[in-house]
Structures are given as structure tokens and as C-alpha cells.
Amino acid sequence: MKRFLKISGILLGAAILALVIFLWIKHEPLPQGTAGPKADGLAQKMLTALNHDAYKSTRYLEWSYQGGRNQYVWDKDMGRVQVRWADHVVQLNLVNPQKSVAKTHEKVLSGEEKTDKIDTALKNFNNDSFWLVAPYKVFDKGTQRSIVTLDDGSVGLLVTYSSGGTTPGDSYLWLLNENGFPYAYKMWVEIIPVGGLKATWDDWIITESGAYLPKSHDLGPLTLDMGSVRGY
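Treat the numbers as computed from the prediction; the structure is a model and nothing was measured.

## A word on the overall build of the protein
Helix and strand content of the protein: 4 helices and 16 strands. Taken across its 232 residues, the protein has 42% of its residues classed as buried. Sequence separation of at least 24 residues holds for 44% of the intrachain contacts in the protein that already meet a minimum separation of 6. Carbon and sulfur atoms form 55% of the exposed surface of the protein, whose accessible area is close to 13,100 Å².

Here is the structure:
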């Protein structure tokens, strides 16, 4: 058994090292774009392709993240999210997080335990919801938009988040088809040391409300499953 665990550990370490090397070779510097009305127009074209009006009228969003480890029911109108993970449930108030209610094993928490669980729920929500609704956030407060000319002569939409969320300063280069519909983005984010990592946005569903939402994303050899996605 010890030998098996040792071999498994070596194989896992080798796989992680290979992935790191692969990503490092693919590193790209953050591109320089041109801001202004044309960039805003391209962002609006993407929103139109995604039927942004249907998304705005969608009240509830449901999905999960990391194989169902984090589960969400988001009431957009009320600014409330039910966040579940392990034995914890947080009724998260996005307007005033300290008014949130946190439970572990059905026990209502208080003090530092409550604050810790609320902070975790908010951090997870900021990250996990971005993988669900990022295209609809290109005009959020604190965003900067610019047009980038790609190697093939087409253009991409570079969006930088100068404020808000958990990691302000992150940038995403949206890759669009000729109709403005997004099929992938490249990331320059604080938590990933390699710039230009590509994630797909091509596994879409049309929800009950008519909004487009993704079911999964591919990041190199990895697939991020968004679980049972609903919008209504």
C-alpha cells in the first residue's frame, strides 16, 4: 500500500509539473487595446447576441461549481443568494453581507464563526458566479473596455475590472464570432501566474427565461462543470 501511494504521489506530481510547464510555455503578456466608443459598441454587440434583455428579466439563477461542491440559488431582484457547501449554508445578503445568516449542521452561527462563513460564501460567489454570467458584466461599475486586434486580423474585447469582486485588476479578452457571440476568453488574473490562459464559452443552454448560460468550460485538459444550470 505504501509503495502504491508513493507511486501515485509521484504520478500526480509529474502530472501537475507537466501542466505547469504546459501553461508556462503558453504564457502571453497582457495585450494593449484601444478604448472608446468602438470598444463599447463591440461590448454592446456581444450583449445583443446573448439576448441581454432576457438575462435582465431573469430573477432566479441556479448552478453549482467544482463538481457540485458549491451550490447556489441566486435571487437577482432581491440581491440574495443561498450558498451551500459541505455542511454549511449561508443566506447571503449581497447588499449588506453582515446581515447574512450562516448555519453549520443547521446550527445558526454567530461571532467569528459567522463572519468566517459569510466571507467564504461571498468570495466563492464572486468567483463562481463570474463563470456563469461574466459576459453580462462587461459594463459593470469599474470596468474598462478596449478593442484588441488579434493575430488573424479579427478583433477581441478586452475587459479589465479595476474595482469590485474579490480580485480587482483582472483582465479578460473575449473572443467573438462574426455575430458578436462569445466562444472563449483569455485570462490575466491574480490567482493564475500564467497570462493568456484560454477558457471556452461554447457549451451554452437557453434557459427557461430565454437567457443564455454556460453548462461547462474547458481550460486546457480540464473541464469546469457548472452543474444543473437554470434561469427563470
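Okay, back to it.
## Things to note about the nonpolar core
Residues Trp-63, Trp-131, Trp-174, Tyr-185 and Met-187 are the most contacted members of the largest nonpolar core, which totals 50 residues. It is helix H4 (residues 111-133) that contributes the most residues to this core, 7 residues altogether. Every residue in contact with Met-187, bar those within four places of it in the chain, is listed here: Trp-131, Ser-171, Tyr-172, Ile-192, Val-194, Gly-195, Gly-196, Leu-197, Ala-199 and Leu-219. In terms of nonpolar packing, the next biggest core, distinct from the first, is built from 7 residues, Val-148, Leu-158, Ala-184 and Trp-188 among them.

## Observations regarding the sheet that holds strand S10 (residues 171-176)
Read across the open sheet, the 6 strands follow the order S1-S8-S9-S10-S11-S12; overall the sheet is antiparallel. At either margin of the open sheet sits one strand with a lone partner, and together these are strand S1 (34-35) and strand S12 (197-200). Judged from the 4 bridges that link them, strand S11 (residues 182-188) and S12 form a sheet pairing that is antiparallel. Each residue of the ladder has a partner; that of Met-187, found in S12, is Leu-197. Relative to strand S8 (residues 143-149), helix H2 (residues 37-49) is tilted by about 95°, and along the sheet it contacts S1, S8, strand S9 (155-161), S10 and S11. H4 contacts S9, S10, S11 and S12 of the sheet and is inclined by roughly 145° relative to S11.

## Some points on the environment of Thr-58
As for its placement among the helices and strands, Thr-58 is situated in the loop between helix H3 (52-56) and strand S2 (60-65). On the basis of relative accessibility, which here comes to 0%, the residue Thr-58 falls in the buried class. Sequence separation between Thr-58 and Lys-76 is 18 residues; the distance between their C-alpha atoms is 7.7 Å. Every residue in contact with Thr-58, bar those within four places of it in the chain, is listed here: Lys-76, Ser-209, Ala-211, Gly-231 and Tyr-232. From its side chain, Thr-58 meets the backbone oxygen of Ala-54 in a polar contact 2.8 Å long.

About the cut-offs
Residues numbered from 1 in each chain as written. Predicted model: local features only at pLDDT ≥ 70, side-chain atom pairs only at ≥ 80, totals over all residues. Heavy atoms only, no water. Helix = DSSP H or I, 4+ residues; strand = E, 2+ residues; numbered from the N terminus. Buried < 20%, exposed > 50% of the residue type's maximum accessible area, 1.4 Å probe, protein only. Contact = heavy atoms within 4.5 Å. Areas by Shrake-Rupley, 256 points an atom, 1.4 Å probe, with all protein chains shown as cover. Core = buried A, V, L, I, M, F, W, Y, C linked by side-chain atoms within 4.5 Å. Pairing = 2+ DSSP bridges. Axes fitted to C-alpha atoms, helices over the stretch in contact; angles between N-to-C directions. Polar contact = N/O pair within 3.5 Å; in protein donor to acceptor, adjacent residues only side chain to side chain.

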